[in-house]
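# Topology and contacts: notes
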Amino acid sequence: MSECSDRIMNELQQYSTFHTLLLDDLRELLEERLDAENSRWVHAIVDQLCTNLQREFALEDQAGYLEEVLERFPNWLQRVERLRRNRLGLIGDLKQLQGKLNNPPDQMPIANSLRDKFRSWADRLADHKRQENILLLDAVNLDVGEGE
């Protein structure tokens, strides 16, 4: 691997670790009563998550998002494209939720609805990461299996 690739992979790992921590903090805050203090923390975490995910996805694109998998298994293009579209949807949905935080609702049921949407979004992100890992593991397992 080149020095540039090593740097990108290191940064990607750092982003992944950091957004895992942010998501844990967000989930914990969403379990509590959403008062002014918690709302500020939720706001800060969502802003940072949005920034980090955009940077992480841009780095993945720079590194050639799943290109190595497609070189080895070109027939997996649909799986990779589905993951790419999912990434765009995750960022778009997070920005939309971020916008709703900027215009907080006055009614508690709406606040609870927003809380549920953040939880759902966090679950979707975790599922996306799982799907990426499954694809990579499938590629490694098939690649190793062919060598026997």
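All figures in this text were calculated on a predicted structure; none of them were measured in a lab. (Residues numbered from 1 in each chain as written. Predicted model: local features only at pLDDT ≥ 70, side-chain atom pairs only at ≥ 80, totals over all residues. Heavy atoms only, no water.)

## A word on the nonpolar core
If you look at the biggest cluster of nonpolar residues, it comprises 22 residues, and the most contacted ones within it are L26, L49, L94, F118 and W121. For this core, the elements supplying multiple residues, two or more each, are α1 (3-31), α2 (36-62), α4 (77-102) and α5 (108-146). Tallying contributions element by element places α2 first for this core, with seven residues. In this structure F118 touches L26, L30, V46, L94, L97 and L101, once residues within four positions along its chain are discounted. Membership of the second largest hydrophobic core comes to 10 residues, among which are V69, W76, L83 and L135. (Core = buried A, V, L, I, M, F, W, Y, C linked by side-chain atoms within 4.5 Å. Buried < 20%, exposed > 50% of the residue type's maximum accessible area, 1.4 Å probe, protein only. Helix = DSSP H or I, 4+ residues; strand = E, 2+ residues; numbered from the N terminus. Contact = heavy atoms within 4.5 Å.)

## Comments concerning the pattern of salt bridges
Once the charged atoms of two side chains with opposite charge are near each other, the side chains can pair. Under the defined criterion, the tally for this structure stands at 13 salt bridges. Where R130 meets D127, a salt bridge forms, and the shortest distance between an N and an O atom there is 3.6 Å. Of the two residues, R130 and D127 both sit in helix α5, three residues apart, roughly one turn of that helix. The partly exposed category is assigned to R130, whose relative accessible area is 45%. Residue class for D127 comes out partly exposed when judged on its relative accessible area of 33%. One continuous salt-bridge network, built from bridges that share partners, spans E56, E60, D61, R87, K129 and E132. (Salt bridge = Lys/Arg side-chain N within 4 Å of Asp/Glu carboxyl O.)

In short, shape yes, function no, at least from these values alone.
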